[in-house]
Amino acid sequence: MSTSLSVLADALLLQGGYNAALVAIGAALLGIAAGAGGTFLFLRKRALVSDAIAHATLPGVGLAFLAMVAFGLDGRSLIGLIAGSALSAAAGLFAVEWITRRTRLAEDTAIGAVLSVFFGFGIVLLTVIQTQSQGRQAGLEGFLLGSTAGMLFQDAVVIAVGGVLAIAALVALRRPMTMVAFDPGFAAATGVNTGRVDMAMMMLVLAVTVTGLKIVGLVLIVALLIIPAVAARLWSERTDRVILAAGAIGGVSGYLGAAISAAAPGLPTGPIIVLVSFALFLGSLLFAPQRGVLAAAIRHRSFQLRLHRRQGLLSLARSEPIFDPLTLRVLQREGLIRTDRVATEDGRAAAARALRDERRFEIAREIHRDDPFAHRYDGLTPIEDVMTPDEIAEIDRLVNRPLSVGAPA
Amino acid sequence: MMGAEFVQLSLTPILIGTLSAIACALPGNFLILRRQALIGDAISHVVLPGIVVAFLVTGSLASLPMLAGAAGAALVAVFLIETIRRLGRIEPGAAMGVVFTSMFAGGVLLLEQSDTSGVHLDVEHALMGNLESLIWFDATGWASLLDPAAVAGLPPELPRIALVAAAITVLMLVFWRPLKLSTFDEGFAATLGLPVRLIGLALVAVSAVAAVAAFDAVGSIIVIAMFICPPAAARLMTERLEHQVAWSVLFATLAAVLGYVLAGYGPLWFGSPNAVSAAGMIATVSGAILAIACIAAPHRRRIGQPAG
């Protein structure tokens, strides 16, 4: 165990050898490109098209291997396999678009059909390759779930360069892609060719997919496109920040996943990377500032406390007994009541203010009955926060009778 | 080709393949009409961790623990998707993508970590199935079908998938009208007092049972392909749901039989002695059927869409 831990530490610190370091960097670059590129896909609500693209790569891998062997080349050359997988992925993407446009079948049906049929055909090709003499050591199964064990130096370079190119394309295309993702109609009106931008986005996704095949595997690469984008969406409401965050989450997932995989060479790399990104997603779900579970819980608790304080003060002002334990605790903690539940000096003053504001809010709601912002007069927010002093003075003129505290109304 | 050897080696795989295809295609008809085609995809991913956990707990590949594990995993997935959707206010498609890929990744890692060398359970099996290995050892010829001793030696997958296919058929016939109504016009079905949410959930549950039973025998490729391709091709053949279901059963059967025969005997015609993956070939044939339907079927266009 300690040896695998030290291998992990070495891999994390890029001390695990030149190859392992290059693989980790390649995986990180790929993760950045996948996370940021996947964000556009997610915003355009086409995330699952990438699943069809990913599964459609398999026949291309098989055919490219067979073709390269037939021409007397090394069937395992990553560049060749990537080229083949890109062609068949493009065919799969075309099939999805064609079925959706030209027949009555819906897009999800087209995605599912292309995904399963291309994958099935790819499996047929893999079994053909396995029965050939050169195919026994082909290791094409690594493309299903990803493997970095024994990756060649030039393969790692190919992946790293592919990641850099994809990131460069993303930077160049980010503005039109953002516009099309948010408002295709407006984008078209300002002269953006939305069809071409969509096509560029899908090509980018396709490039990321085929580059990542060797590391993440085609079954799970869709996760690297979806999960970072969904996680990043929790952190911000601004597109540019979501894209940056998604790139960061994807990059960290790729880097950590490749490093962990270096410490456990028997395990496929793809699932490890996916689980790391899922862990980051769970962290985001819990701790994100606005949409996170923790933030929501804190917001809920503070609202609850304000509500109990308010209701408690109104009860004090109307001389009604208080039984709710939380209300009592809130009032006691602020020194508004004594332990025998009798209001202190501060408590009576605060109660009088609460009752006065309650009356003011009542009148405000009466005046602004048809106002779309009437819900702002919720009785909880201090009235000074929602109304100007002039308005309050106007309302106070309507509150004509003096308010007394402690006496029956 | 039709003699004793066929009965022993090919009859049971063809039957199992065909019944699996039908069991998946029947609920698939309603899934594609409800725009839930990718639920089959999600289920077949999610089933894996459930089956692995069931195997690790019980140490056997018996069908009940497998089914329980898969059902448990499906419940966990539904719970996770709902939780993520509610807590993070994330659209359901993306929440589904996050959950099923992560659960599949977890299942793969669990499988690779645990010692399953003694049984037929590994990632490739999960993807491709082992249709070819489901042979009938005790058969000596067609007469064995009438021999109780030989029938008792049938691979257990066959009665299992036959039972599931029969149950799905009966359920579909019994609940035909509410199912059809709620699929085409959920609002109208609800005003009639039909429990539309329950019907939707039951459809997904039935699909999950079909997926688990078929997954066990034929792997996840066939499961996904059969949920979608035969019903999709059938949808292009007719305007009537009754006819669509009949077409989908026909296409599923055709794909399973033709796919198996092509995988087993096709390579021989090319002079190669080695068979190719039957599951992959069945999926490929179903895709070919769908492609032909997309190009030539009578009702392939949307209503109002110009020809050409």
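Parameters at a glance
Residues numbered from 1 in each chain as written. Chains lettered and ligands numbered in written order. Predicted model: local features only at pLDDT ≥ 70, side-chain atom pairs only at ≥ 80, totals over all residues. Heavy atoms only, no water. Helix = DSSP H or I, 4+ residues; strand = E, 2+ residues; numbered from the N terminus. Rg over C-alpha atoms; globule rule 2.2 N^0.38 Å. Buried < 20%, exposed > 50% of the residue type's maximum accessible area, 1.4 Å probe, protein only. Contact = heavy atoms within 4.5 Å. Areas by Shrake-Rupley, 256 points an atom, 1.4 Å probe, with all protein chains shown as cover. Lys, Arg positive; Asp, Glu negative; His and termini not counted. Charge placed at Lys NZ, Arg CZ, Asp CG, Glu CD. 1 Å grid on protein atoms, 1.4 Å probe; cavity = no way out; pocket = protein on both sides within 12 Å on 5 of 7 lines; lining within 4 Å. Points joined across faces, edges and corners; volume = space filled by probe spheres on them. Nonpolar A, V, L, I, M, F, W, Y, C, P; charged D, E, K, R; others polar. Phe/Tyr/Trp six-rings, centres within 6.5 Å; stacked < 30°, edge-to-face > 60°. Buried area = accessible area lost by both parts, 1.4 Å probe. Salt bridge = Lys/Arg side-chain N within 4 Å of Asp/Glu carboxyl O. Polar contact = N/O pair within 3.5 Å; in protein donor to acceptor, adjacent residues only side chain to side chain. Axes fitted to C-alpha atoms, helices over the stretch in contact; angles between N-to-C directions. Parallel < 35°, antiparallel > 145°, perpendicular 65-115°, else oblique.

**Q** Could you give me a rundown of the overall build of chain B, with the residues and numbers involved?
**A** Helix and strand counts for chain B stand at 12 helices and zero strands. When the elements of chain B are put in sequence order from the N terminus, they spell out α-α-α-α-α-α-α-α-α-α-α-α. Its C-alpha radius of gyration of 20 Å places chain B within 12% of the 19 Å reference for a compact globule of 308 residues. In terms of principal-axis extent, the alpha carbons of chain B reach across some 60 × 50 × 35 Å. Put simply, chain B has 308 residues, and 53% of those count as buried. For chain B, restricting intrachain contacts to residue pairs at least 6 apart in sequence, the fraction spanning at least 24 positions comes to 71%. Taken as a whole, chain B presents about 13200 Å² of accessible surface, with 70% of it coming from carbon and sulfur. For chain B, the separation between the mean place of its 14 positive charges and that of its 17 negative charges on side chains is 20 Å.

**Q** Lay out the overall build of chain A with the relevant residues and their values.
**A** Each helix and strand in chain A was counted, giving 18 helices and zero strands. A globule of 409 residues ought to have a C-alpha radius of gyration of about 22 Å, yet chain A, at 31 Å, is considerably larger. Based on the C-alpha atoms only, the size of chain A along its principal axes is roughly 100 × 60 × 35 Å. Here chain A holds 409 residues, and 53% of them are scored as buried. Contacts spanning at least 24 positions in sequence make up 68% of the contacts within chain A whose residues lie at least 6 apart. Of the roughly 18500 Å² of accessible surface on chain A, 63% is carried by carbon and sulfur atoms. A distance of 2 Å separates the average location of the 36 positive side-chain charges in chain A from that of its 31 negative side-chain charges.

**Q** Go over the layout of surface pockets with me, naming the residues and quoting the values.
**A** In this structure, the largest pocket occupies an estimated 1700 Å³ of space. Looking at the largest pocket, it is lined by 49 residues, and the ones nearest its centre are Gln36, Ile39, Ile81, Met96 and Val204 of chain B. Counting residues per element, the ones that place at least two in the lining of the largest pocket are helix H6 (107–131) of chain A together with helix H2 (38–58), helix H3 (63–88), helix H4 (92–113), helix H8 (176–184) and helix H10 (196–235) of chain B. Along the lines of polarity and charge, the residues of the lining of the largest pocket split into 32 nonpolar, five polar and 12 charged.

**Q** Give a detailed account of the packing of aromatic side chains, specifying residues and quantitative values.
**A** Residues and elements named next belong to chain B. Applying the stated criterion across every chain, the model contains three aromatic pairs over all chains. Between the aromatic rings of Phe30 and Trp176, the centroid separation amounts to 6.0 Å while the plane-to-plane angle is 75°, which identifies the pairing as edge-to-face. One end of the pair, Phe30, is in helix H1 (residues 4–33); the other, Trp176, is in helix H8, and 146 residues separate them in sequence.

**Q** Tell me what's going on with the interface of chain B and chain A, and back it up with residues and numbers.
**A** Facing the 59 residues of chain B at the interface are 54 residues of chain A. When the buried area of chain B at its contact with chain A is split by residue, Leu38, Leu109 and Arg302 of chain B rank highest and sum to 11% of it. Run the count over chain B and chain A and you get one salt bridge. Arg104 of chain A is paired through a salt bridge with Glu239 of chain B; the nearest N and O atoms lie 3.0 Å apart. Taken together, the connections running from chain B to chain A amount to 11 residue pairs in polar contact (both at pLDDT 80 or more). Put simply, the parts of the chain that give the side of chain B that touches chain A at least two residues each are H2, H3, H4, helix H5 (123–128), H10 and helix H12 (278–296) of chain B. When residues in the side of chain B that touches chain A are grouped by element, the largest group, 14 residues, is from H4 of chain B. Residue composition of the side of chain B that touches chain A, by class: 30 nonpolar, 18 polar and 11 charged.

**Q** So what's going on with empty space enclosed by the protein? Which residues, and what values?
**A** Inspection of the entire model under this criterion finds two cavities of 30 Å³ or more. Lining the largest cavity we find His55, Leu115, Ser116, Phe119 and Val219 of chain A together with Ser44, His45, Phe104, Leu127, Ser220, Ile221 and Ile224 of chain B. Among the elements of the structure, H6 of chain A together with H2 and H10 of chain B are those that each provide at least two residues to the lining of the largest cavity. In terms of residue class, the lining of the largest cavity is made up of seven nonpolar, five polar and no charged.

**Q** How would you summarise unusual backbone geometry if you had to cite specific residues and measurements?
**A** Among all residues save glycine, negative phi is the norm, and among peptide bonds the norm is trans. Positive phi is not limited to glycine here, since Ser319 of chain A has a value of about 60°. When you line up the elements, Ser319 of chain A lands in the loop between helix H14 (293–317) and helix H15 (325–333). We note that Arg35 of chain B has phi near 60°; this positive angle belongs to a residue other than glycine. Secondary-structure assignment places Arg35 of chain B in the loop between H1 and H2. Under the relative-accessibility criterion, Arg35 of chain B is labelled exposed at 60%.

**Q** Pulling in residues and values, what's your account of the packing of helix H10 (residues 194–216) of chain A against helix H11 (residues 221–233) of chain A?
**A** Each packed pair of helices is defined by two parameters, the angle between the axes and the distance between the axes. Residue and element names in this part refer to chain A. Between H10 and H11, whose axes approach to 8 Å, the crossing angle comes to 120°. With respect to their mutual orientation, H10 and H11 come out oblique. Seen from H10, the contacting residues are Val205, Val208, Thr209, Gly212, Leu213 and Val216; seen from H11, they are Ile221, Leu224 and Leu225.

**Q** For the pattern of salt bridges, give the residues involved together with the corresponding values.
**A** All names here are of chain A. Inspection of every chain in the model, using the stated rule, returns 20 salt bridges over all chains. The shortest N-O distance in the salt bridge between Glu237 and Arg233 comes to 3.5 Å. One salt bridge connects Glu358 with Arg310, and the closest N-O pair in it is separated by 3.2 Å. Here the residue Glu358 occupies a position in helix H16 (residues 345–367), and Arg310 occupies one in helix H14, the gap between them amounting to 48 residues. Here the two residues Glu358 and Arg310 agree in accessibility, since each one is buried. Connected via shared salt-bridge partners are Arg356, Asp357, Arg360 and Asp396.

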